Amino acid sequence: MTTPATIRLYGTAPDSIVDGPGLRFAVFVQGCTHACPGCHNPDSQPCAGGEVRRIDELVAQIVANKLARGVTISGGEPFEQAAACAELARQLRRRGLSVWTYSGYRYEQLATGVPDPAALDLLAQTDVLVDGPFVQALHSFDLPWRGSSNQRLIDVPATRSQGRIVLWETQEDVFQKPPSW
């Protein structure tokens, strides 16, 4: 398997507080076939849009932000660029950053290699998965780090080790601990 060198991006947000706990560097990939009504990034849906970036350059930009305690990969749909997103996540986790990944797919689909066999690699590099499509009828501003109540915050390492879905619990000290570099 060849390691991808590039990723197609919709954009980035170096100081997000809405895409997971603490200050996070958010990476929004380009391309999504879900086309959820009410999507908060509808311009990220066309696969041909956005810009192609070198993964190593993106990693350098992210790690230069010493205030970010983690990275969130969102979209678009990260699992439709699973190999590139897995490589990005792998390099960031080696540098001590946590990785949250958002997906319109359910964990159960991703764990079988849908939509791409590289989905398994991206899952292995993800600490928390926010799964499920955005459903406008289930939307609430009261939900932490998700848009609709059908979406789950899944602790991926615990889920993989226990063989069942383990939901991520908000850590009380998440805003107290300094980043681990």
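Just so you know, these numbers come straight off a predicted model, no measurement behind them. (Residues numbered from 1 in each chain as written. Predicted model: local features only at pLDDT ≥ 70, side-chain atom pairs only at ≥ 80, totals over all residues. Heavy atoms only, no water.)

A. Up close: helix 1 (residues 55-64). Within the sequence span of helix 1, burial applies to Ile55, Leu58, Val59, Ile62 and Val63. Buried residues of helix 1 fall within an arc of 125 degrees about the axis and therefore sit on the same side. Elements in contact with the buried residues of helix 1: strand 1 (6-16), strand 2 (24-29), strand 3 (51-54), strand 4 (70-74) and helix 2 (82-94). (Buried < 20%, exposed > 50% of the residue type's maximum accessible area, 1.4 Å probe, protein only. Helix = DSSP H or I, 4+ residues; strand = E, 2+ residues; numbered from the N terminus. Arc of directions from axis to C-beta. Contact = heavy atoms within 4.5 Å.)

B. Region of the structure containing the nonpolar core. Core analysis: the largest hydrophobic core is formed by 31 residues, its most contacted members being Ile7, Ile62 and Leu88. Residue assignment for this core shows that the elements contributing at least two residues are strand 1, strand 2, helix 1, strand 4, helix 2, helix 3 (107-110) and helix 4 (119-124). Setting aside its immediate chain neighbours within four residues, isoleucine 7 contacts Val29, Glu51, Val52, Arg53, Ile55, Leu58, Gln81, Ala84, Cys85 and Leu88. Core analysis: the next-biggest nonpolar cluster, separate from the first, contains 7 residues, Trp100, Val128, Val130 and Leu153 among them. (Core = buried A, V, L, I, M, F, W, Y, C linked by side-chain atoms within 4.5 Å.)

C. Quick look at the side chain of aspartate 127. Turning to its location among the elements, aspartate 127 is positioned in the loop between helix 4 and strand 6 (128-131). Overall, aspartate 127 belongs to the buried group, its relative accessible area being 18%. A distance of 3.2 Å separates polar atoms of two side chains, one belonging to aspartate 127 and the other to arginine 93. Within the structure, the side chain of aspartate 127 is placed 2.7 Å from the backbone nitrogen of valine 99, a separation counted as a polar contact. Aside from chain neighbours lying at most four places away, what touches aspartate 127 is Arg93, Leu97, Ser98, Val99, Ile154, Asp155, Val156 and Pro157. (Polar contact = N/O pair within 3.5 Å; in protein donor to acceptor, adjacent residues only side chain to side chain.)

D. Looking closely at the packing of aromatic side chains. This model, assessed by the stated rule, comprises 3 aromatic pairs. Each ring, one from tryptophan 100 and one from tryptophan 145, has its centre 5.6 Å from the other, and the planes form 80 degrees; the classification is edge-to-face. Of this pair, tryptophan 100 sits in strand 5 (residues 98-102) while tryptophan 145 is found in the loop between strand 6 and strand 7 (152-155), placing the two residues 45 residues apart along the sequence. The interplanar angle of 65 degrees and the centroid separation of 5.8 Å between the aromatic rings of tryptophan 145 and tryptophan 168 together place this pair among those described as edge-to-face. One end of the pair, tryptophan 145, is in the loop between strand 6 and strand 7; the other, tryptophan 168, is in the segment after helix 5 (156-162), and 23 residues separate them in sequence. For tryptophan 145, a relative accessible area of 14% gives the class buried. An aromatic cluster of three or more residues is present, and its members are Trp100, Trp145 and Trp168. (Phe/Tyr/Trp six-rings, centres within 6.5 Å; stacked < 30°, edge-to-face > 60°.)

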